[in-house]
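# What the coordinates show
Listed below, chain by chain, are the residues.
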Amino acid sequence: MTIQPSPVPVAGTRFVCGLIGSGIGESLTPAMHEAEADRRGMPYVYRRTDLTALGLSPEEGVGLIRPAGLLGFSGLNITHPCKRLAVEHVDELSAEAATIGAINTVVFDGGRVVGHNTDVTGFAHGFARDMPEVALGQVVQVGAGGAGAAVAHALVSLGAGRLVVADLDPGRAAALATSVAGATGAEVVSAGLGDLPAQLSRADGVVNCTPVGMAQHPGTPFDPDLLDPRHWVVDVVYRPLVTELVRAARARGCRVATGAGMAIGQAVDSFALFTGVRADPDAVAADFARLVDTEGRQDAHA
Ligand SMILES: NC(=O)C1=CN([C@@H]2O[C@H](COP(=O)(O)OP(=O)(O)OC[C@H]3O[C@@H](n4cnc5c(N)ncnc54)[C@H](O)[C@@H]3O)[C@@H](O)[C@H]2O)C=CC1
Ligand SMILES: O=C1C[C@@](O)(C(=O)O)C[C@@H](O)[C@@H]1O
C-alpha cells in the first residue's frame, strides 16, 4: 500500500488543486496543502467547491471532475457524499481504490483521469506513526460508513489478525466485513452493538469510525467503561480533535490517537500524488496543530 508519486514536477510547475464535497467550509485540508507548498516555494492554489453552499447535488459535484482536468487542474480531493459516485468519473483506479470502490483523490495524468484512495493509505500511515508496535491480534471497529470502509482496509493491510466491525446498521457492518474479507482473505467479521462487551474483552484495540463525538453527535460510540488500560483507542473524528471517547480513554489509561493522524496522512499522500513531492509528515503535523490552534475551532491539545 505505497503511494507511487507521479514524476517529479518540472521546475516552475504551478499547481491548481481542489476539494469537492458537501459542508467542507471548515476543512483544514486546503491550508495543509498550501502550507506544504509554501514551505517548498511551489506555486500552489487549493480551492474548495462546497456543494452545499453552491446548491449542487452529489451527481453535479462528480460531474465537475473531468471538466476540472480540461481546465488545467493538477488534481482533486473528493469527499462526502461523492467518494463512491466519483469512481464512475475516472479512467483508471489505483489498487486500493478499486478494492474499496471509493476515491478521495483524482490525478489528471496527461489525458487520463486516475482515482486513488488516500484515506486508506493516510489512516495506515497515521496509525503507524501514532501507534507503533501495538498488538493487532483482534481489533474492533465501530462504524462501517465511508471512513469505516477505508479504515477496515487499512487495518487489514497493517496486519490486524481478526477485525470485528460493528455499526448501528447491522447490514452495513456485514456488507463491509464480507467485502473486506473477500478482497483480502483476512478474517473480518461483523458483530452487533450488543456483542461489543464480549468483543472488546478479547480485543487489543478499537477504532471509532462513527460521527459520534462531533459537536452535532455528542457522546461516545460505546460505553467507555468497556475499556481497560491494555486497549489502544483511535478516534477518526477530528472536529473536535479531543472527543469524549478520547478523553474517556485517556482517563482510563489507554494509549490513544486522535483523528489528526488520518487527516494528516491523507493530505500528505494526496500532495505526493498531485505534485510528485513527498511532504514531511512531521512538518504537516505541525501545520495541522497550528491551524487547529489559530482557527480556535478545536481543542489543539491532542
Ligand atoms: N480523520 C479523518 O481524516 C477523517 C475523519 N472522518 C470522520 O469520520 C466520521 C465518520 O464519517 P463517514 O464514515 O464519512 O460517515 P458515514 O455517515 O459514511 O458513516 C458513519 C457510520 O457510523 C454509523 N453509526 C453512527 N452512529 C453509530 C453508533 N452510535 N454506533 C455504531 N455505529 C454508528 C452509521 O450507521 C454509519 O454507518 C466523521 O466524523 C468524519 O468527520 C471521515 C473521513 C476522514
Ligand atoms: O474525507 C476526507 C476529509 C477531507 O474532505 C477534509 O476536508 O479534510 C479531505 C479528503 O481528502 C478526505 O478524504
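Just so you know, these numbers come straight off a predicted model, no measurement behind them.

### Observations concerning the site of ligand 2
Within the structure, ligand 2 sits among Leu19, Ser27, Thr29, Asn77, Thr79, Lys83, Asn104, Asp119, Tyr238, Arg239 and Gln266. One of the side-chain N or O atoms of Lys83 is found 2.8 Å from an oxygen atom in ligand 2. In isolation ligand 2 has 320 Å² of accessible area, and contact with the protein removes 89% of it. Taken together, the residues of the shell around ligand 2 sort by class into 2 nonpolar, 6 polar and 3 charged.

### What to know about the site of ligand 1
In the vicinity of ligand 1, 20 residues are found, and the nearest of them are Gly146, Ala147, Asp167, Arg172 and Val236. A distance of 2.7 Å is found between an oxygen atom of ligand 1 and a backbone nitrogen or oxygen belonging to Ala147. Starting from 860 Å² of accessible surface for ligand 1 in isolation, the protein chains cover 79%. At the level of secondary structure, the elements contributing two or more residues to the shell around ligand 1 comprise helix H7 (146–158) and helix H11 (260–275). Residues that form the shell around ligand 1 fall into these classes: 13 nonpolar, 5 polar and 2 charged.

### A few points about the sheet that holds strand S9 (residues 187–191)
If you walk across this open sheet you meet the 6 strands as S9-S8-S7-S10-S11-S12, and the pairing is parallel. The two strands at the open ends of the sheet, each matched to only one other strand, are S9 and strand S12 (255–257). With direction set aside, neighbouring strand axes in the sheet form an average angle of 20 degrees. Bridging between strand S7 (residues 138–142) and strand S10 (residues 205–208) involves 4 bridges; their strand directions are parallel. From the neighbouring strand, Gln141 faces S10, where its bridge partner is Val207. Sitting on the sheet, H7 touches S7, strand S8 (162–166), S9 and S10, and the angle it makes with S7 is about 170 degrees. Packing against the sheet, helix H8 (residues 170–184) makes contact with S7, S8 and S9, and its axis sits at approximately 175 degrees to S9.

### Side note on unusual backbone geometry
Pro81 follows His80 through a cis peptide bond whose omega is 5 degrees. You can see Pro81 is positioned in the loop between strand S3 (75–78) and strand S4 (92–93). Of note, Glu133 is a non-glycine position whose phi angle comes to about 60 degrees, a positive value. Among the secondary structure elements, Glu133 is positioned in the loop between helix H6 (118–130) and S7. Exposure remark for Glu133: the relative accessible area of 83% places this residue in the exposed category.

### As for the domain arrangement of the chain
The assigned domain composition of the chain is domain 1 (15–118 + 263–282) and domain 2 (121–261). On a C-alpha basis, the centres of domain 1 and domain 2 stand 25 Å from each other. Counting from both sides, the interface comprises 16 residues of domain 1 and, opposite them, 14 residues of domain 2. Surface buried jointly by domain 1 and domain 2 totals about 1,200 Å² across both partners, of which 53% is contributed by carbon and sulfur atoms. Of all residues in domain 1, Thr99, Ile100 and Ala263 bury the most surface against domain 2, accounting for 33% of the area lost on that side. Applying the counting rule to domain 1 against domain 2 returns 1 salt bridge. A salt bridge links Arg129 to Asp282; the nearest nitrogen and oxygen atoms lie 2.8 Å apart. Taken together, the links from domain 1 to domain 2 amount to 9 residue pairs in polar contact (both at pLDDT 80 or more). Mapped by element, the contributors of at least two residues to the side of domain 1 that touches domain 2 are helix H5 (95–100), H11 and helix H12 (281–295).

### Examining the nonpolar core
If you look at the biggest cluster of nonpolar residues, it comprises 44 residues, and the most contacted ones within it are Tyr44, Val140, Val206, Phe222, Leu227, Val233 and Phe288. In terms of residues, this core owes the most to one element, H11, which gives 8 residues. Structurally, this core is a two-domain feature, drawing no fewer than three residues from each of domain 1 (15–118 + 263–282) and domain 2 (121–261).

### Description of H8
Every α-helical turn comprises 3.6 residues, leaving residues that sit three or four positions apart pointing alike. Taking 1.5 Å per residue as the helical rise, H8 with its 15 residues ought to reach 21 Å, and the 21 Å between its terminal C-alpha atoms agrees with that figure. Contact partners of the buried residues in H8: S7, H7, S8 and S9. The backbone nitrogen of Gly171 has a side-chain oxygen 3.0 Å away, supplied by the residue at the start of H8, namely Asp169. Downstream of H8 by a residue or two, Gly185 has a phi angle that is positive, lying close to 80 degrees.

Thresholds applied
Residues numbered from 1 in each chain as written. Chains lettered and ligands numbered in written order. Predicted model: local features only at pLDDT ≥ 70, side-chain atom pairs only at ≥ 80, totals over all residues. Heavy atoms only, no water. Near = heavy atom within 4 Å. Polar contact = N/O pair within 3.5 Å; in protein donor to acceptor, adjacent residues only side chain to side chain. Areas by Shrake-Rupley, 256 points an atom, 1.4 Å probe, with all protein chains shown as cover. Nonpolar A, V, L, I, M, F, W, Y, C, P; charged D, E, K, R; others polar. Helix = DSSP H or I, 4+ residues; strand = E, 2+ residues; numbered from the N terminus. Pairing = 2+ DSSP bridges. Axes fitted to C-alpha atoms, helices over the stretch in contact; angles between N-to-C directions. Contact = heavy atoms within 4.5 Å. Buried < 20%, exposed > 50% of the residue type's maximum accessible area, 1.4 Å probe, protein only. Domains from an automatic or database assignment. Buried area = accessible area lost by both parts, 1.4 Å probe. Salt bridge = Lys/Arg side-chain N within 4 Å of Asp/Glu carboxyl O. Core = buried A, V, L, I, M, F, W, Y, C linked by side-chain atoms within 4.5 Å. Expected span 1.5 Å × (residues − 1).

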